[in-house]
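# Commentary on secondary and tertiary structure
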Amino acid sequence: MAELLWALGALAVGLGAGFAAGRRRPAPAQSQARTTDTHLTGIARLTGSLAPVWSAQIDTSRTQMETAVSQLTEQFAGIVENLDSVLASSAGALDDGHGGTFDRSRSRLGDVVGTLDEALATKRQTVAELRNLQTLNTELRQMSAEVSAIAAQTNLLALNASIEAARIGEAGAAFGVVADEVRQLAEHSLGTSERMAEKVGRAGTTIGGILGHAEETAEREDRAVNGANAEVQAVLDDLQALVTGARDSSSDLERAAVGIRSDVSQSLTNLQFQDRICQVLEHLRDSVTRFAETVADAARADAPPIDPDEALEAISASYTMDEERQAHASGRAADVRDSEITFF
Amino acid sequence: MGKTILVVDDSASVRQVVSIALKGAGYDVIQGSDGKDALKQLDGRRIHLIISDVNMPNMDGITFVTEAKKLPAYKFTPVIMLTTESQEEKKRQAQAAGAKAWVTKPFQPDQMLAAVSKLIAP
């Protein structure tokens, strides 16, 4: 660019000197005219040769920058898309993956523990009923003992009655028969009562054995269920810690990714400078071409002198951006204005 | 399915920047590299909004909008002009062609999204 400006300056000085030399002649001497024409023709040829070279250099720079920035933009766009994809899959994994699996596992394990608790409650009820049965058995044994006592008492009463009947003699014979029958019934009752007592006792022993076994089993199952509950809770706590850790990591990742995405987006926004610079370079290339054409036209023998204001106005008319016009008018670099939105 | 926006610009990097901003907000984006290419993109598609540059090779943005508005399917499709151009005359031409907004580059994605959501619901 410095080379271009230097050469443009040199050409301007050369052109100015050429025209000044021409204008200074009071009467154009033939040799001086030839010198001036040769000078102008040389400048025009130089300009005509340089313009395409400069244009090519400008186009090369513009194309290289456009290609590089486009590739950079595409790579950044790919980064943004990958970040979005990672964020989406991370959130999905926690919502429907680990988080969902944890919730389902907790529910299913809760069902299993509930079933065990129900079984344990049934077992406790069975034990309670066995205790009731044992109490009833004890009562039956007492009742059987009472029956035996009554039978013994009746037997003794019947024996006394038989003795009294024998002492009365003939008149008490019938009564003695009745007393014998009562004594036999009492003995029979006693025997039945003793057998009943024996069976009730055996039943009591069996019930006691079953009750003891049931109590022991219930106690063991109680311990097992409580242990299972504790284990399940421990597993759920571990899983919860795992899921919480994964969620925390995912949140950290998400925050980092959002930050990166924002930075990349801002970088992409800043890369819009390429579009503006490309346009400036295009206009500069067109100006160089126009300048060469102007010089070539001026080198013709019948051409009017170059009007610098007109030439600059023509260049200015080709601008599209405010900073181009500002730089043109001030001769200094212009700042880029912020974006403006106009609604129609 | 999000609404579809056609982004027309001869600068691939500008198309990418606009596309990223729009996709991030849930819009579907298709791209055209100049006015002629964009007219081809319109064919057989349902496009809810057009964002077009002004100065482009082959067919400039104002000519493209004028041609697009002649198509019955796009007669009422809102158009945002996104450009480095600052001449008031060009702005008036764009308005006459049927554009609804004029945004100058370099733009901030938030500004662009605000302009888009003002013209179509996300």
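As a starting point, this report considers the structure included with it. Note that the structure is predicted; figures quoted are calculated from it, not measured.

## Brief notes about the overall build of chain B
A tally of regular secondary structure across chain B gives 5 helices and 5 strands. Starting at the N terminus and ending at the C terminus, chain B contains elements arranged as β-α-β-α-β-α-β-α-β-α. By residue count, 47% of the 122 residues in chain B fall in the buried class. The contacts of chain B with a sequence gap of at least 6 include a subset with a gap of at least 24, amounting to 62%.

## Here's the deal with the overall build of chain A
Looking only at helices and strands, one finds 6 helices and 1 strand in chain A. Reading the helices (α) and strands (β) of chain A from amino to carboxyl end gives α-α-α-α-α-α-β. The buried share of chain A, reckoned over its 344 residues, is 13%. Of the contacts formed within chain A by residues at least 6 apart in sequence, a portion of 80% connects residues at least 24 apart.

## Details of unusual backbone geometry
Residues and elements named next belong to chain B. Look at the link from Lys105 to Pro106: it is a cis peptide, with omega at 0 degrees. Along the polypeptide, Pro106 turns up in the loop between β5 (101–104) and α5 (109–119). Notably, Asn58 is not glycine yet its phi reads approximately 70 degrees, a positive angle. On the secondary structure map, Asn58 appears in the loop between β3 (49–52) and α3 (61–70). The exposure class assigned to Asn58 is partly exposed, which follows from the 13 C-beta atoms found within 10 Å.

## Section: the pairing of β3(B)
Residues and elements named next belong to chain B. A two-sided burial pattern is seen for β3, the buried positions comprising Leu49 and Ile51 on one face and Ile50 and Ser52 on the other. Here strand β1 (residues 4–8) runs beside β3; their pairing, made up of 4 bridges, is parallel. Residue Ile5 lies in a different strand from β3, and its bridge partner there is Leu49. One ladder, built from 3 bridges, connects β3 with strand β4 (residues 79–83); its direction is parallel. Paired with Ser52 across the two strands is Met81, which belongs to β4. With α3 bridging β3 and the parallel β4, this β-α-β connection has right-handed handedness.

## Thoughts on the interface of chain A and chain B
By convention, interface size is frequently given as the accessible area that disappears when the constituent parts associate. Each partner contributes to the interface: chain A provides 27 residues, whereas chain B provides 26 residues. For the side of chain A that touches chain B, the secondary-structure elements that each account for two or more residues are α2 (30–168), α3 (173–270), α4 (273–298) and β1 (341–343) of chain A. Each residue belonging to the side of chain A that touches chain B can be placed in one class, and the counts come to 12 nonpolar, 10 polar and 5 charged. Summarising the sheet, β1(A) and β5(B) pair through 3 bridges and their orientation is antiparallel. Paired with A:Phe343 across the bridge in β5(B) is B:Ala101.

## Side note on the sheet that holds strand β2 (residues 28–32) of chain B
Within the open sheet, the 6 strands sit side by side as β1(A)-β5(B)-β4(B)-β3(B)-β1(B)-β2(B). Their pairing is mixed. Edge positions in the sheet fall to β1 of chain A together with β2 of chain B, since each has one partner strand and no second. Averaged over neighbouring strand pairs, the angle between their axes works out to 20 degrees when direction is ignored. Pairing geometry for β1(B) and β2(B), over 5 bridges, is parallel. When the bridges of β2(B) are listed, B:Ile5 appears paired with B:Val29. Docked against the sheet, helix α1 (residues 12–24) of chain B engages β1, β2, β3 and β4 of chain B, running at close to 165 degrees with respect to β2(B).

## Quick notes on the packing of α3(A) against α1(B)
Viewed as axis vectors pointing N to C, α3(A) and α1(B) meet at an angle of 145 degrees, and their least axial separation amounts to 9 Å. Note that α3(A) runs across α1(B); the crossing there is left-handed. In contact with A:Ser265, A:Leu268 and A:Thr269 of α3(A), α1(B) contributes B:Gln16, B:Val17 and B:Ile20. Taken together, the residues that form the contact of α3(A) with α1(B) break down as 3 nonpolar, 3 polar and no charged.

Definitions and cut-offs
Note that residues are indexed from 1 along each chain, following the sequence as it is written. Both sets of labels track the order of writing: A upward for chains, 1 upward for ligands. Owing to the predicted nature of the model, reporting of local features is limited to residues with pLDDT of at least 70; listing and counting of side-chain atom pairs is limited to 80 or more, with chain, interface and lining totals taken over all residues. Elements are defined by DSSP. Helices are runs of H or I of four residues or more, strands are runs of E of two residues or more, and each kind is numbered from the N terminus. For the exposure call, what matters is how many other C-beta atoms sit within 10 Å of a residue's own: 20 or more marks it buried, 12 or fewer exposed, and in between partly exposed, using C-beta atoms placed from the backbone. Note on contacts: each residue gets a C-beta atom placed from the backbone, and two residues are in contact if those atoms are within 7 Å. Should DSSP find at least two bridges between two strands, the strands are taken to pair. Crossovers are marked right-handed if the path from the first strand over the helix to the second runs clockwise, as seen with the strands pointing away from the viewer. Just so you know the grouping, Ala, Val, Leu, Ile, Met, Phe, Trp, Tyr, Cys and Pro go in nonpolar, Asp, Glu, Lys and Arg go in charged, and all remaining residues, Gly too, go in polar. Helix axes use the C-alpha atoms of the stretch in contact, all axes being lines fitted to C-alpha atoms, and the angles between their N-to-C directions lie in the range 0 to 180 degrees. Note: crossing handedness is left-handed where the near helix turns anticlockwise from the far helix by less than a right angle, and right-handed where it turns clockwise.

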